[in-house]
Amino acid sequence: MMSPTPPERWMARALRLARHGLYTTAPNPRVGCVLVKEGRVIGEGWHERAGEPHAEIHALRNAGEAARGATAYVTLEPCSHQGRTGPCAVALVEAGVARVVVAMRDPNPQVAGRGIERLRQAGIEVEEGVLEAEAHALNSGFIARMARGRPFVRMKMAMSLDGRTAMRSGESQWITGPCARREVQRLRARSSVVMTGVESVIFDNSRLTVRAEQLELDNAEAIASRQPMRVVVDSRLRLPLAAACLREPGRTLVATVDGHDDEHREKLEQAGAEVVVLPAEEGGRVDLEALLSYLASHEEANEVLLETGATLAGAMLDAGLVDEMQLFVAPTLLGGEARPLFELPGLTRMDEQRPLDIRDIRAVGDDWRITAVPRRCDPAVASS
């Protein structure tokens, strides 16, 4: 294996810093910055949460006057516009940085090359594309929202070795072990939205929350204080008023279609739900693409974690709306009467099968975790 070049070495460090914001920066991207001068780090930082200073500002403050003449390694193009914080490109210019190495351009239309252009106009040398794929993977949700107007959808499913998710009665707790459940909690924590179908809520009465005691992270309490929004796809507005998810901290949004009893809708809203009426597909079901577009445009959702049953999981796959699959496989058998992983109607021939690309397989306690990508998903935003 070839040794990393100096730019790759420092960018890898910046990417590690950026990962500190994995659970906290939404709806902003995760960004890290390292300032290097004469072969040593003189300042570094990462974006911690929306509304607070960006990675470049933390690094510049850390370096002080030593930043003049330094090289900045940044995982995402420095911003050029005034948002809740000032433009980082201007801050780098004013600090006297001599060179900026950028992993990837910012897909945000408000930036999209303008930050790099501002640096070059100020006489700063700019290099692009160092560890670009790694930077893309870290911010696949932000890229998806900016590039195509909908979030990155990560489907999580737990199954037995024979591909079953629950007994015929609906009983499903627990197929997988505590290590797998810890990983699911971390997937929830990094997501903007946890989405499920009403049938799953009716059968499992899941809270769909991030629970600090299961994260096993140093800052678990702070992470769990930001609960992802819960979204229940409920075309016929059947969500029980006593559903546990309505009593948990954070927001629960119920996505439905027009034509339902206003009285039940009012009762759901009084119980804590936010009901949004969306266009209907043929058959009267919620238009899933419209729902994802709504979550991107109205809620600034970057990543959606889909935790649901076979019907909604199959519908999302069939519509080409799943970007990544996290499949937790337990070494157990539930039998032919148990519920399947997906409902994909209409597949009768081998040439109609839905191929997947396996990205990773690893042991998680006594279970296995498979990361797979549907081959038809958009490669521009697929996580690697």
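All of these numbers come straight from a predicted model, not from anything done at the bench.

> What is the right way to look at unusual backbone geometry in this model?
Excluding glycine, a negative phi dihedral is what most residues carry, and trans is how most peptide bonds are arranged. With an omega dihedral of 5°, the bond running from Ala26 to Pro27 counts as a cis peptide bond. Relative to the elements of secondary structure, Pro27 occurs in the loop between α1 (6-18) and β1 (32-37). In this model, Glu38 sits at a positive phi of 55°, which is unusual for a non-glycine residue. If you trace the backbone, Glu38 turns up in the loop between β1 and β2 (40-46). Even without a glycine there, the phi angle at Leu208 is positive, about 60°. By the element assignment, Leu208 lies in the loop between α8 (198-204) and α9 (212-215).

> Help me understand the UniProt feature "active site" (unreviewed entry) in the protein chain in this model?
As recorded in UniProt, the sites labelled "active site" (unreviewed entry) are Glu56. The topology assignment puts Glu56 in helix α2 (residues 55-63). Once residues lying within four places of it in the same chain are set aside, the contact partners of Glu56 are Cys33, Val74, Leu76, Pro78, Cys88 and Leu92.

> In this structure, what is going on with α1? I would like to understand it.
Since the α-helix packs 3.6 residues into each turn, any two residues three or four apart lie on the same face. An ideal rise of 1.5 Å per residue puts 18 Å on 13 residues; α1 measures up with 18 Å between its terminal C-alpha atoms. What α1 keeps buried is the set Pro7, Trp10, Met11, Ala14, Leu15, Leu17 and Ala18. When α1 is viewed along its axis, its buried side chains cluster within an angular range of 155° and face the same direction. Of the exposed residues in α1, the ones pointing more than 90 degrees away from its buried face are Arg9 and Arg16. Looking at the buried side of α1, the elements it contacts are β1, β2, β3 (71-74), β4 (99-102) and α5 (132-138).

> Looking at this structure, how should I read the sheet that holds β1?
For sheets, the rule is that strands pair by backbone hydrogen bonds, running either parallel or antiparallel. Spatially, the five strands line up as an open sheet ordered β2-β1-β3-β4-β5, and their pairing is mixed. Each end of this open sheet is capped by a strand with a single partner; those strands are β2 and β5 (125-128). Each strand axis lies, on average, 15° off the axis of its neighbour in the sheet, ignoring direction. Across four bridges, β3 lies against β4 in parallel orientation. Considered in β4, the bridge of Thr71 is made with Arg99. Packing against the sheet, α2 makes contact with β1, β2 and β3, and its axis sits at approximately 140° to β2. Its contacts with the sheet put helix α4 (residues 114-121) on β4 and β5, and the angle it makes with β5 is roughly 150°.

> Got a minute to help me understand empty space enclosed by the protein in this structure?
Summary: where empty space remains is shown by rolling a probe the size of a single water molecule over the atoms. According to the stated counting rule, one finds one cavity of 30 Å³ or more in the structure shown. Estimated volume of the largest cavity: approximately 90 Å³. In terms of lining residues, the largest cavity is bounded by 18 residues, among which Ala26, Asn28, Arg30, Asn302 and Glu303 are the most central. Counting residues per element, the lining of the largest cavity draws most heavily on helix α6 (residues 140-148), which supplies three residues. Of the residues belonging to the lining of the largest cavity, the class tally is six nonpolar, eight polar and four charged.

What counts as what
- Residues numbered from 1 in each chain as written.
- Predicted model: local features only at pLDDT ≥ 70, side-chain atom pairs only at ≥ 80, totals over all residues.
- Heavy atoms only, no water.
- Helix = DSSP H or I, 4+ residues; strand = E, 2+ residues; numbered from the N terminus.
- UniProt positions renumbered as here; feature names shortened; annotations may be inferred.
- Contact = heavy atoms within 4.5 Å.
- Expected span 1.5 Å × (residues − 1).
- Buried < 20%, exposed > 50% of the residue type's maximum accessible area, 1.4 Å probe, protein only.
- Arc of directions from axis to C-beta.
- Pairing = 2+ DSSP bridges.
- Axes fitted to C-alpha atoms, helices over the stretch in contact; angles between N-to-C directions.
- 1 Å grid on protein atoms, 1.4 Å probe; cavity = no way out; pocket = protein on both sides within 12 Å on 5 of 7 lines; lining within 4 Å.
- Points joined across faces, edges and corners; volume = space filled by probe spheres on them.
- Nonpolar A, V, L, I, M, F, W, Y, C, P; charged D, E, K, R; others polar.

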